[in-house]
Each structure stands twice: as C-alpha cells, then as structure tokens.
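So you can see what is in the structure, the chains are spelled out below.
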Amino acid sequence: MDGSRLHPAPTGDRHWRNSARFAAGCALAFLGMTLLVDWDGHTLTPPRALLWLVMTAVLFTILLPQRVTAGPGWLAVHGLVRRQAVRTDALVTVRQYGDVCAHLTLCDTDGRRLELDPRILVNNPLLWHELDTGVRRSRASGTLLEGIDVLERLRHQIDDAQARAVLKASGIF
C-alpha cells in the first residue's frame, strides 16, 4: 500500500435510478404521443417537432429527482444545475418547512445550506445513518444550536418505518 488513506464509497439514494428511469420514461412517452398526434393530424413540421423536443426536455428536468449522497461528515444534493453540500459534523441549524410537502434545510458552520426531502432519509437508512452520525458529532462539539427536535421527530419516523419493514418482511404485519 502507498500509505494513502482509504475512503469509503459514498452512500447514495438507492431509489434514485428508478426515479430517473421513470422521469425519462414519462418524457419519452410524452414526446412519442405528441409526435404521433401531430403526425396523424398532418401538422408535424420541423418547428413543431423542435417545440415538442424542448417541452420534453423541460418535462424531464421537472420530473428528474435530485440525487442525494453522503459520506463521513458530509451530505450532498446534486441537481441538474447545482450541487449543495454541508458538513454534517459541523451543523448549526436544521429546520423543517411544510407538512404535506415537507423539506429539510440544513446549515453548517461554513455558511453552506442544503435542502432535501425528508422522505429520502426515511427510505434510505444508510443516508440517515451518515447524517445521524454527523449530527451526533455536531451536538457533541456544541455547534448544533437549532433543530434537535426536528431531528428527533425524523428519527422516530425512520424507526417506525424500519420496524414496519421488518414486521412486513417477517410476515407478521
């Protein structure tokens, strides 16, 4: 070995690929249907085909979910245009906005901010574990000043979901 430190592979959203395939499928179905209707009506022209292509790209962009990854001490959200990342071991605030369509906002000591859907954490226990480990370090170092109650609610929600999954897998539920 050359003495370099080994870094574990980042943990990612295990449902992202299926969601991205769904977005691509919906966009392609939209394109196919619009082209077919225009062709059948004898109104398909190059400008209209270009319009349908642009609208398909917009639909795909809207439907494509953000990709969430995490590693020791960090959490990142990758969109089509930008990447947000925070240090989970140096969090200052965690806030949750909304009830039906909720999102979490995490801010670290460097002033970086990240927004994500808490359902991603509920559906991906490994991502939650990376975040929770960083949160514990933030609490121990005293940087986490706001949002402990939000994280506790989320922890209970994740524990309940995991318990239901275990009961369902064992045939009890």
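Residues numbered from 1 in each chain as written. Predicted model: local features only at pLDDT ≥ 70, side-chain atom pairs only at ≥ 80, totals over all residues. Heavy atoms only, no water.

> Sorry, what's going on with the layout of surface pockets here?
A water-sized probe, rolled over the atoms, reveals where empty space remains. Taken as a whole, the largest pocket spans an internal volume of roughly 540 Å³. Lining the largest pocket are 24 residues, and of these L64, P65, Q66, D117 and I120 lie nearest its centre. Elements that contribute at least two residues to the lining of the largest pocket include exactly α1 (16–40), α2 (46–63), β7 (113–116) and α3 (118–123). Residues of the lining of the largest pocket, tallied by class, amount to 10 nonpolar, eight polar and six charged. Around the second largest pocket, the lining comprises 12 residues; the ones closest to its centre are Q96, G98, D99, A102 and P118. Broken down by secondary-structure element, the contributors of at least two residues to the lining of the second largest pocket are α3 and α5 (148–169). No other element matches the three residues that α3 contributes to the lining of the second largest pocket. (1 Å grid on protein atoms, 1.4 Å probe; cavity = no way out; pocket = protein on both sides within 12 Å on 5 of 7 lines; lining within 4 Å. Points joined across faces, edges and corners; volume = space filled by probe spheres on them. Helix = DSSP H or I, 4+ residues; strand = E, 2+ residues; numbered from the N terminus. Nonpolar A, V, L, I, M, F, W, Y, C, P; charged D, E, K, R; others polar.)

> Help me out: how do you make sense of the sheet that holds strand β4 (residues 83–87) in this one?
Through backbone hydrogen bonds, the strands of a sheet pair up, either in parallel or in antiparallel fashion. If you trace the four strands from one edge of the open sheet to the other, you get β1-β2-β3-β4, paired in antiparallel fashion. Of all the strands in the sheet, the pair left with one neighbour each is β1 (11–12) and β4. Docked against the sheet, helix α4 (residues 125–141) engages β1, β2 (67–71) and β3 (74–78), running at close to 50° with respect to β2. (Pairing = 2+ DSSP bridges. Contact = heavy atoms within 4.5 Å. Axes fitted to C-alpha atoms, helices over the stretch in contact; angles between N-to-C directions.)

> Hey, could you run me through the sheet that holds β7 in this one?
With antiparallel pairing, three strands are arranged side by side in an open sheet as β5-β6-β7. Looking at which strands have only one partner, the edges of the open sheet turn out to be β5 (91–97) and β7. The mean angle between the axes of side-by-side strands here comes to 15°, regardless of whether they run parallel or antiparallel. With four bridges joining them, strand β6 (residues 103–108) and β7 adopt antiparallel strand pairing. Residue pairing across strands places T105 opposite E115, the latter belonging to β7. Each of β5 and β6 touches α5; the most contacted strand, β5, lies at about 60° to it.

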